[in-house]
Amino acid sequence: MYFQLFYHGSIVPERVPAELIDALSLLPHTVTLTVVGYETIGSRGYGDQLRARATQLCISERVEFHGAMDRSRSLELCRKHDLGLSLLAIPEGDPNMPTMIGASNKPFDYLSCGLPLLVSDLPDWQEAFVQRGFAVPCNITDPASIAAAIRQFLNDPARTVAMGEAGRRQILDDWNYEKQFEPVLRILNSHKTMPAVALNTTSGT
């Protein structure tokens with residue numbers, strides 16, 4: 001039985017590190033990788049570099065690249081996989097990347113499809129996903145660390161399924177727009193029922 005890794009998004013070194021391909025070569029042949037997305041202007045040709053690396057390591061048949069696709073098709077494909085990859089490198093001196101957890105849709109998309117996560121070993125990601133039992137962390141600059149993290153899922157299929165289901169329930173019960181915007185809606189609706197206040201437009205003498 002195959003164990004299928006899934007990534008969607010921009011195909012750049014910070015999200016799909018070459019070390020991921022190296023890690024794949026350290027794992028059983030039943031572990032495969034699907035990449036859905038697009039190269040940015042600054043990463044033109046990076047997909048070919050990853051393909052060349054996979055060919056060099058004799059694992060090209062285990063790595064499949066798709067172009068960009070609409071959200072519904074991407075999520076449909078995601079549901080057929082086993083593990084979502086939400087990896088992030090932090091370039092030195094970049095003030096924006098450490099706060100990417102608040103702007104990245106990937107982990108929430110994967111969890112909504114019932115996939116557990118492989119994430120970077122970063123404090124915010126540890127708190128949000130690892131400590132809640134939805135993810136396993138790794139050092140994305142170290143192929144051995146990535147492979148060891150993936151083996152945790154391989155070696156315990158029941159736990160892998162449970163992690164994905166727990167994440168899916170979290171999305172349904174709390175991490176969704178309806179739930180998160182409830183306080184805002186209550187404030188907006190309360191203003192609708194407030195009595196109008198008459199304004200004194202006359203000037204006194």
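Everything below is about the structure shown above.
In this text, all values refer to a predicted model and were calculated from it rather than measured experimentally.

(A) Highlighting the pattern of salt bridges. For the coordinates displayed, the defined rule picks out 5 salt bridges. Taking the shortest distance from any N to any O, the salt bridge between Asp109 and Arg71 comes out at 2.8 Å. Here the residue Asp109 occupies a position in helix α4 (residues 106-112), and Arg71 occupies one in helix α3 (residues 71-78), the gap between them amounting to 38 residues. Using a relative accessible area of 51% as the deciding quantity, one classes Arg71 as exposed. Between Arg169 and Asp173 there is a salt bridge, and its shortest N-O distance comes to 3.0 Å. Of this pair, Arg169 and Asp173 both sit in helix α7 (residues 157-173), 4 residues apart, which is roughly one turn of the helix. Taking the relative accessible area as the measure of exposure, Arg169 reaches 38% and is therefore partly exposed. Classification of Asp173 as partly exposed rests on a relative accessible area of 46%.

(B) A look at the packing of aromatic side chains. For the structure shown, the criterion picks out 3 aromatic pairs. Residues Phe6 and Tyr110 carry aromatic rings whose centres are separated by 6.1 Å and whose planes lie at 85 degrees to one another, so their mutual orientation is edge-to-face. Here Tyr110 lies in helix α4 and Phe6 lies in strand β1 (residues 3-10), a separation of 104 residues in the sequence. Pair check on accessibility: Phe6 and Tyr110 agree, each one buried. Centre to centre, the rings of Trp125 and Phe129 are 5.7 Å apart; their planes meet at 45 degrees, and the pair counts as tilted. Here the residue Trp125 and the residue Phe129 both occupy positions in helix α5 (residues 123-130), the gap between them amounting to 4 residues, near one helical turn. A relative accessible area of 0% places Phe129 in the buried class. Each member of the aromatic cluster is reached from another via a ring pair, and the members are Phe108, Trp125 and Phe129. Note that Arg51 overlies the ring of Phe65, its terminal NZ or CZ placed 4.4 Å from the centroid.

(C) Focus on helix α6 (residues 143-155). Helix length check: α6, at 13 residues, gives a terminal C-alpha distance of 18 Å against a target of 18 Å (1.5 Å per residue), a fit within 8%. When α6 is considered as a whole, its buried residues turn out to be Pro143, Ile146, Ala147, Ala149, Ile150 and Phe153. Taken around the axis of α6, the buried residues stretch over an arc of 160 degrees, which confines them to a single face. The secondary structure elements touched by the buried residues of α6 are β1, α1 (18-25), β4 (83-86), β5 (117-120), β6 (135-138) and α7. With a side-chain oxygen positioned 3.0 Å from the backbone nitrogen of Ala144, the residue opening α6 is Asp142.

(D) Quick look at the packing of α1 against helix α2 (residues 46-56). Look at α1 against α2: their axes get within 10 Å of each other, and the N-to-C directions meet at 20 degrees. It follows that α1 is roughly parallel to α2 by the angle criterion. Crossing hand, α1 versus α2: right-handed. Two secondary-structure elements touch here, α1 through Ala18, Ile21 and Asp22 and α2 through Tyr46, Leu50, Arg53 and Ala54. Here the residues of the contact of α1 with α2 sort into 5 nonpolar, no polar and 2 charged.

How each quantity is defined
- Residues numbered from 1 in each chain as written.
- Predicted model: local features only at pLDDT ≥ 70, side-chain atom pairs only at ≥ 80, totals over all residues.
- Heavy atoms only, no water.
- Salt bridge = Lys/Arg side-chain N within 4 Å of Asp/Glu carboxyl O.
- Helix = DSSP H or I, 4+ residues; strand = E, 2+ residues; numbered from the N terminus.
- Buried < 20%, exposed > 50% of the residue type's maximum accessible area, 1.4 Å probe, protein only.
- Phe/Tyr/Trp six-rings, centres within 6.5 Å; stacked < 30°, edge-to-face > 60°.
- Lys NZ or Arg CZ within 6 Å of the ring centre and 35° of its normal.
- Expected span 1.5 Å × (residues − 1).
- Arc of directions from axis to C-beta.
- Contact = heavy atoms within 4.5 Å.
- Polar contact = N/O pair within 3.5 Å; in protein donor to acceptor, adjacent residues only side chain to side chain.
- Axes fitted to C-alpha atoms, helices over the stretch in contact; angles between N-to-C directions.
- Parallel < 35°, antiparallel > 145°, perpendicular 65-115°, else oblique.
- Left-handed = near helix turned anticlockwise from the far one by under 90°.
- Nonpolar A, V, L, I, M, F, W, Y, C, P; charged D, E, K, R; others polar.

Spatial relationships are all this shows, so hold off on functional conclusions.
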